Amino acid sequence: MDKTNVTVMIIDDHEVVRRGIAEVVERADGLTVVAEAGTVAEAVRRAELMHPQVALVDLRLPDGTGIDILRKFAEVAPDVAPIILTSFDDDDALAEALAAAARAYLLKSVRGAEITEVIRAVAEGRVLLDDRTITRHREDHDDPTVDLTPSERRVLELIGDGLSNREIGDKLGVAEKTVKNHITSLLAKMGMKRRTQVAAWVAGQRAAGWRNQN
């Protein structure tokens, strides 16, 4: 491997995002973007043609997922070292990336310098994603509802259904003031300040997962 010039491929279905990442990579010494792709099919074709050393791979693409790309690379371009670069901070996605032999897992919120550092590390043969990473990730994502009482959990679910305090009281057969007390308590336990935050959290938990999010 030529350590003075690492060749990189960027796979993301948003052209503006690809261009932004490409600019970050190109500004770094010793890194060169040799290919871009916006679909699974394009990524496989261009990887076979250009033989990049490292590929930055988004998870969600129009014709499949980044995990599909990693599995295809294992068959047709095994020398490409893949890095997942995504907006999804998701345990399932992280575990699938590990199973598909990703070398690292980065969120798009990271600094540009961190992206280039990880590219260099992966190009040198390092693996920054392993079972311990999964374990640490899960430990850092404790369930904020763990201390809620059964009544508070029911109120939480009804907030997620879009019900008002009065409607929740009618549904549970309790006074509206009792509902307000439950909400005050569950907000404190979950580390949140507003009812809208609770509704958003419930909506996120109910989503089908990173594969099906719009």
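Residues numbered from 1 in each chain as written. Predicted model: local features only at pLDDT ≥ 70, side-chain atom pairs only at ≥ 80, totals over all residues. Heavy atoms only, no water.

### So, the UniProt feature "modified residue: 4-aspartylphosphate" (unreviewed entry) in the chain
The cut-off we apply is this: UniProt positions are given in the numbering used here, feature names are shortened, and annotations may be inferred rather than shown by experiment. Whether two residues are in contact is decided by their heavy atoms, any of which lying within 4.5 Å being enough.
Feature annotation in UniProt assigns "modified residue: 4-aspartylphosphate" (unreviewed entry) to the following positions: Asp58. When neighbours within four sequence positions are excluded, Asp58 is seen to be in contact with Ile11, Asp12, Asp13, Gly66, Leu85, Thr86 and Lys108.

### Some points on the environment of His182
Note the cut-off: Put simply, DSSP H or I for four residues or longer makes a helix, DSSP E for two residues or longer makes a strand, and each gets a number counted from the N terminus.
Within the secondary structure, His182 is located in helix α9 (residues 176-190). For the pair His182 and Arg154, spaced 28 residues apart in sequence, the C-alpha to C-alpha distance is 9.8 Å.

### Describing the sheet that holds strand β1 (residues 6-11)
Formally: Should DSSP find at least two bridges between two strands, the strands are taken to pair. Helix axes are fitted only over the stretch in contact, all axes being lines through C-alpha atoms; the angle between N-to-C directions runs from 0 to 180 degrees.
Pairing is parallel in the open sheet, where 5 strands are placed in the order β2-β1-β3-β6-β7. Unpaired on one side and paired on the other, β2 (31-37) and β7 (104-107) mark the two borders of the sheet. This sheet shows a mean twist of 25° between the axes of neighbouring strands, independent of strand direction. Summarising the sheet, strand β6 (residues 81-86) and β7 pair through 4 bridges and their orientation is parallel. The residue of β7 that forms the bridge with Ile83 is Ala104. Each of β1 and β2 is contacted by helix α2 (residues 40-50), which is oriented at about 140° to β2, the strand it contacts most. Relative to the sheet, helix α3 (residues 66-76) contacts β1, β3 (54-57) and β6, its axis offset from that of β3 by approximately 155°.

### Some remarks on helix α8 (residues 165-172)
Cut-off, in case you're wondering: The rule is simple: take the accessible area with a 1.4 Å probe, protein chains only, and divide by the maximum for that residue type; under 20% is buried, over 50% is exposed, in between is partly exposed. The arc in question is the one spanned by the directions pointing from the helix axis to the C-beta atoms.
Residues of α8 that are buried include every one of Asn165, Ile168 and Gly169, and no others. Seen along its axis, α8 keeps its buried residues to an arc of 100°; they face one direction. Turned more than 90 degrees away from the buried face of α8, the exposed residues are Arg166, Asp170 and Lys171. At its buried positions, α8 is contacted by α7 (150-160), α9 and α10 (195-206).

### Brief notes about the pattern of salt bridges
Worth spelling out the cut-off: Salt bridge, as used here: a side-chain nitrogen of Lys or Arg that lies within 4 Å of a carboxyl oxygen of Asp or Glu.
For the structure on display, the rule yields 6 salt bridges. Here Glu36 ties to Arg18 by a salt bridge, and the two come within 3.2 Å at their closest N and O atoms. Residue Glu36 is found in strand β2, and its partner Arg18 is found in helix α1 (residues 15-27); the two are separated by 18 residues along the sequence. Of the two residues examined, Glu36 and Arg18, each falls in the buried class. Across the pair Glu176 and Arg166 runs a salt bridge, and its minimum N-O distance is 3.7 Å. Placement of the pair is Glu176 in helix α9 and Arg166 in helix α8, with a sequence separation of 10 residues. The class of Glu176 is partly exposed, set by a relative accessible area of 32%. Judged by its relative accessible area of 57%, Arg166 falls in the exposed class. Taken together, the shared-partner salt bridges in this structure form one network comprising Asp12, Asp58 and Lys108.

### Let's talk about the packing of α9 against α10
Rule in force here: Each angle gets one of four labels, with under 35 degrees taken as roughly parallel, over 145 as roughly antiparallel, 65 to 115 as roughly perpendicular, and the rest as oblique. The hand of a helix crossing depends on one turn: near helix anticlockwise from the far one by less than a right angle means left-handed, and clockwise means right-handed. When residue character is reported, Ala, Val, Leu, Ile, Met, Phe, Trp, Tyr, Cys and Pro are called nonpolar, Asp, Glu, Lys and Arg charged, and the others, Gly included, polar.
It is at 10 Å that the axes of α9 and α10 come closest, and there the two elements cross at 65°. Here α9 is positioned roughly perpendicular relative to α10, judged by the angle of their axes. Two packed elements cross with a definite hand, and for α9 against α10 that hand is left-handed. Between α9, through Ile183, Leu186, Leu187 and Met190, and α10, the contact on the second element is made entirely by Arg195, Val198 and Trp201. Residue classes in the contact of α9 with α10 are distributed as 6 nonpolar, no polar and 1 charged.

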